[in-house]
Amino acid sequence: KIYINKKYVDYGVAGSDESEYSRVLFHELGHAIDSEYANQIGLGKNMRSSTVMLNDDNKDMSDIARGEWQAYLNDFMAKNDVNEDEAYKMMVEEANTKDMAYWLSVSSTVDGVTKGKRNFGYGHEEEYWEDDYPVGVEIFAELYSLLVTNLKAYDYYKKFFPRTVEMFEKIIDFMLRR
């Protein structure tokens, strides 16, 4: 199941960007590409390439994103002299001053790396994240969608998760070379 906190949604009324209407389509297409590539190279139809491609440190995108988010959060708490709950409250307030496309992209990944316990108003239910499998899958689909529909939001995402984006780009390069 997926949910969207309705107080943050304004699609179709005063949507933040025309590209947002196609974003979900390209997110789902990202899932299809991830899955089909895995199937084409013999991993099977139930696998995703984003979950089995590792960097030089033997980490996948979910491992990288989890580490980057924890480092960002720790730095934020230290700079603002706040605890984790206060930090998230401040981040949500700041995120909601940004274009919706920006914070939606980050919210999805934060939701995944915290196993559904934290997000900025957009994410899946906690049960979706019971194992690590969907985290990398959702990151791949989200980054694919941003790459196609909104490069400014892609760059915003990169501020929080630069090594995760680097890994995504390596996966895309690898896929294109095969």
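Residues numbered from 1 in each chain as written. Predicted model: local features only at pLDDT ≥ 70, side-chain atom pairs only at ≥ 80, totals over all residues. Heavy atoms only, no water.

A word on the confidence of the model for the protein. A residue-level look at the protein finds 82% of positions with pLDDT of 70 or above and a mean pLDDT of 80. Strand 1 (residues 2–4) is the least confidently modelled element of the protein, averaging 54 in pLDDT, while helix 3 (residues 61–80) averages 95, the highest of any element. In this model residues 7–18 is a low-confidence stretch, pLDDT under 50, and it forms 21 contacts with partners more than four residues away in sequence or in other chains. (pLDDT = per-residue confidence, 0-100. Helix = DSSP H or I, 4+ residues; strand = E, 2+ residues; numbered from the N terminus. Contact = heavy atoms within 4.5 Å.)

Mapped onto the elements, asparagine 119 comes out in the loop between helix 5 (100–113) and strand 2 (122–124). Polar contacts involving the side chain of asparagine 119 include one to the side chain of aspartate 111, which spans 3.3 Å. (Polar contact = N/O pair within 3.5 Å; in protein donor to acceptor, adjacent residues only side chain to side chain.)

Attention now moves to the pattern of salt bridges. Inspection of every chain in the model, using the stated rule, returns seven salt bridges. Across the pair aspartate 75 and lysine 79 runs a salt bridge, and its minimum N-O distance is 3.1 Å. Here lysine 79 and aspartate 75 lie together in helix 3, a separation of four residues that amounts to about one turn. Looking at aspartate 75, the relative accessible area reads 36%, which means it is partly exposed. Using a relative accessible area of 65% as the deciding quantity, one classes lysine 79 as exposed. Taken together, the shared-partner salt bridges connect Glu84, Asp85 and Arg118 into one network. (Salt bridge = Lys/Arg side-chain N within 4 Å of Asp/Glu carboxyl O. Buried < 20%, exposed > 50% of the residue type's maximum accessible area, 1.4 Å probe, protein only.)

This model, assessed by the stated rule, comprises 10 aromatic pairs. What links up through ring pairs into an aromatic cluster is the set Trp69, Tyr72, Phe76, Tyr88, Tyr156, Tyr157, Phe160 and Phe161. (Phe/Tyr/Trp six-rings, centres within 6.5 Å; stacked < 30°, edge-to-face > 60°.)

Our next topic: unusual backbone geometry. The general pattern is negative phi for most residues beyond glycine and trans for most peptide bonds. In this structure, aspartate 81 takes a positive phi of about 50° despite not being glycine. By relative accessible area, aspartate 81 is classed as exposed at 70%. Residue lysine 115 is not a glycine yet carries a positive backbone phi of 55°. Position of lysine 115 among the secondary structure elements: in the loop between helix 5 and strand 2. You can call lysine 115 partly exposed: its relative accessible area is 31%.

As a further point, take a nonpolar patch on the surface. Residues Leu147, Val148 and Leu151 make up a contiguous nonpolar surface patch of roughly 240 Å² in combined accessible area. For valine 148, the position within the fold is in helix 6 (residues 133–149). (Patch = residues over 30% accessible without salt bridge, like charges linked within 9 Å, V, L, I, M, F, W, Y side chains within 5 Å. Areas by Shrake-Rupley, 256 points an atom, 1.4 Å probe, with all protein chains shown as cover.)

You can see isoleucine 139 is positioned in helix 6. According to the relative accessible area criterion, isoleucine 139 is buried, its value standing at 1%. Along the primary structure isoleucine 139 and serine 50 are separated by 89 residues, whereas in three dimensions their C-alpha atoms are 8.6 Å apart. Contact partners of isoleucine 139, with chain neighbours within four places excluded, come to Met61, Ser62, Ala65, Thr109, Tyr157 and Thr164.

Each full turn of the α-helix corresponds to 3.6 residues, which orients residues three or four apart in the same direction. Under the 1.5 Å per step criterion, the end-to-end length of helix 4 (residues 84–95) is 16 Å for 12 residues, consistent within 8% with the ideal 16 Å. All of the buried residues along helix 4 are Ala87, Tyr88, Met91 and Ala95. End-on, the buried residues of helix 4 take up no more than an arc of 95°, which puts them together on one face. Among the exposed residues of helix 4, those oriented more than 90 degrees off its buried face are Asp85 and Lys89. Elements that come into contact with the buried residues of helix 4 comprise helix 3 and helix 5. Sitting at the amino-terminal end of helix 4 is asparagine 83, which places a side-chain oxygen 3.1 Å from the backbone nitrogen of aspartate 85. (Expected span 1.5 Å × (residues − 1). Arc of directions from axis to C-beta.)

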